[in-house]
Amino acid sequence: MSGAPRGRRRVLYLYNVPDWAIHNVGRDWAELLRDTHEFALVRFGQHEQEDPGAWDHVVWGYSTLGYSGRMLVASLARRPRAWLRWQRRTSPRLAAVVQDPSEVFPEVPDWRHAPPRHAHLARFSRLAVTSNELRTALQALGYEPFQVGTRSLLPARDPAAIGLERVRAFTRALEYPRKNLPLFRALQARLGATLERCDALVGGAVLPPAAYLEQVDRYNCYVCTSWQEGGPLPLLDALRRGCVALTTRVGQTDEWIEDGVNGFFCEGEDEFARRLLELDGDPGRLREMRRASLSRATVVDEEARRARLRAFLP
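Residues numbered from 1 in each chain as written. Predicted model: local features only at pLDDT ≥ 70, side-chain atom pairs only at ≥ 80, totals over all residues. Heavy atoms only, no water.

Draft legend 1. Structural detail: the sheet that holds strand β3 (residues 57-60). Ordered in space as β2-β1-β3-β4-β5-β6, the six strands form an open sheet in which the pairing is parallel. Across the chains shown, the open sheet's two edge strands, defined by having one partner strand only, are β2 (37-43) and β6 (146-147). Of the strand pairs in this sheet, strand β5 (residues 126-129) and β6 are connected by two bridges, and their pairing is parallel. Bridge pairing links V129 to Q147 in β6. Sitting on the sheet, helix α1 (residues 20-32) touches β1 (9-15), β2, β4 (94-98) and β5, and the angle it makes with β2 is about 150°. (Pairing = 2+ DSSP bridges. Helix = DSSP H or I, 4+ residues; strand = E, 2+ residues; numbered from the N terminus. Contact = heavy atoms within 4.5 Å. Axes fitted to C-alpha atoms, helices over the stretch in contact; angles between N-to-C directions.)

Draft legend 2. Quick look at the pairing of β1. Most of β1 sits inside the fold, with five of its seven residues counted as buried. Two strands pair when backbone bridges link them, and β1 and β2 are joined in this way by seven bridges, in the parallel orientation. Across the sheet, R10 pairs through a bridge with E38, a residue of β2. A crossover connection joins β1 to the parallel β2 through α1; in handedness this β-α-β unit is right-handed. (Buried < 20%, exposed > 50% of the residue type's maximum accessible area, 1.4 Å probe, protein only. Right-handed = clockwise from strand over helix to strand, strands pointing away.)

Draft legend 3. Layout of the layout of surface pockets. Roughly 510 Å³ of internal volume is contained in the largest pocket. Forming the walls of the largest pocket are 28 residues, and the residues nearest its centre are D19, Y62, L174, R178 and K179. Contributions of two or more residues to the lining of the largest pocket are made by α1, β7 (168-173) and α7 (233-240). The residue inventory of the lining of the largest pocket, partitioned by class, reads eleven nonpolar, ten polar and seven charged. Empty space within the second largest pocket amounts to approximately 340 Å³. (1 Å grid on protein atoms, 1.4 Å probe; cavity = no way out; pocket = protein on both sides within 12 Å on 5 of 7 lines; lining within 4 Å. Points joined across faces, edges and corners; volume = space filled by probe spheres on them. Nonpolar A, V, L, I, M, F, W, Y, C, P; charged D, E, K, R; others polar.)

Draft legend 4. Region of the structure containing the environment of Q215. When you line up the elements, Q215 lands in helix α6 (residues 209-216). Assessed through its relative accessible area of 12%, Q215 is described here as buried. The spatial distance from the C-alpha of Q215 to the C-alpha of L201 is 9.6 Å, given a sequence separation of 14 residues. Sequence-distant contacts of Q215, that is, excluding residues within four places in its chain, are made with R172, L201 and L207.

Draft legend 5. Just the pairing of strand β9 (residues 221-224), in detail. Residues C221 and V223 point to one face of β9 and Y222 and C224 to the other, with burial holding for every one of them. Viewed along the sheet, the connection from β9 through α7 into strand β10 (residues 244-247) turns out right-handed.

Draft legend 6. Layout of the environment of V167. Here V167 shows up in the loop between β6 and β7. Among the residues examined, V167 registers a relative accessible area of 0% and is labelled buried. Between the C-alpha atom of V167 and that of N220, which follows or precedes it by 53 residues, the distance is 6.4 Å.

Draft legend 7. Quick look at the packing of α1 against α7. Orientation of α1 relative to α7, taken along the N-to-C sense of each, is 70°, at an axis distance of 10 Å. Of the possible angle classes, the one that applies to α1 and α7 is roughly perpendicular. Contacts between α1 and α7 involve W20, A21 and N24 from the first element and L233, P234 and D237 from the second. Of the residues belonging to the contact of α1 with α7, the class tally is four nonpolar, one polar and one charged. (Parallel < 35°, antiparallel > 145°, perpendicular 65-115°, else oblique.)

Draft legend 8. The arrangement of the confidence of the model for the protein in detail. On average, residues of the protein score 89 in pLDDT, and 89% of them are at 70 or above. Counting contacts from residues 1-5, a segment whose pLDDT is below 50, to residues more than four positions away or on other chains yields five contacts. (pLDDT = per-residue confidence, 0-100.)

Draft legend 9. Just helix α5 (residues 181-191), in detail. Listing the buried residues of α5 in full gives L181, L183, F184, L187 and L191. Seen from one end, α5 has its buried residues packed into an arc of 155°, which puts them on one side. Opposite its buried face, α5 presents the exposed residues P182 and A189, each directed more than 90 degrees away. Along its buried surface, α5 packs onto β7, β8 (197-202), β9 and α9 (269-280). (Arc of directions from axis to C-beta.)

Draft legend 10. Region of interest: helix α11 (residues 302-312). Among the residues of α11, those classed as buried are R305, R306, L309 and F312. The arc enclosing the buried residues of α11, seen along the axis, measures out at 120°, which places them on a common side.

Draft legend 11. Up close: the packing of α1 against α11. In contact at an axis separation of 10 Å, α1 and α11 are set at 100° when each is read in the N-to-C sense. As summarised for this structure, α1 and α11 are arranged roughly perpendicular, according to the angle between their axes. On α11, the residues that touch D28, W29 and L32 of α1 are E302, R305, R306, L309 and F312. Residue composition of the contact of α1 with α11, grouped by class: four nonpolar, no polar and four charged.

Draft legend 12. Seen up close, the packing of aromatic side chains. Applying the stated criterion across every chain, the model contains seven aromatic pairs. Taken together, Y13, W29, F146 and F312 form an aromatic cluster joined through their ring pairs. For R10, the ring lying beneath its charged end belongs to W55, and the centroid distance is 4.2 Å. The side chain of R249 reaches across the aromatic face of F265, ending 3.9 Å from its centre. (Phe/Tyr/Trp six-rings, centres within 6.5 Å; stacked < 30°, edge-to-face > 60°. Lys NZ or Arg CZ within 6 Å of the ring centre and 35° of its normal.)

Set out below in structure tokens:
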């Protein structure tokens, strides 16, 4: 850190587990701001050795807000003085990224009208969110968060490689209630013998880039059945590889999907099934919508994202 160019802002970014969120947000932010900010990404529970006063900004990333109780207890046992220093720390330097509604709201289908848990946000001088949906929800609680949308880090597929195909659908999710995997499994039971593929990739492991690219390219439709989301990040990755998205209205999907052009918004099993069968019976339309997915997913205004990040981390 001592050799950093003068004037760069030093950012300590804390995260819980090395999964999607740290790859698509923490590391992405560090890359976007590499000319003006210097990031150190440190796993929560191992951060107490750092002096919070030595950083221009300390950002609590996804999962460090509500899911770190056991890590806190372990840290207290190992480094009680350092732990106490961090617990007492209140400063304009402290910021947080609230990526998923589950960090504030309960995991219930009607979460927007459920009592939130947001006392833990009081210590932060500024908040960032990744979706219109979550920004609106926090504004209703009296916060004014910055919005910095997620971008896919996958290379865009060559449109010329997209031909006439049958539907090969998939979802990627963890076994969390908010992912609503029972709905996807109902679609599998209903359409598994009709569609060419209908797979659920369950688990949170981040694959090596080449393996992940190969995995996504086995499919041409992505299905999101969630009723609560911050992204979903795999949906955006699927768009970059030319998949049509069939999704509930959650997270950032209102920014990525144009209904009937590069995907469909669906409200239940019957609508998901009807749209999948429509595409399976019309390979020409499937190809057209896949190419529209590529066109939409390759429009990324990096300068606007940098400007929003610099406003969040001045």
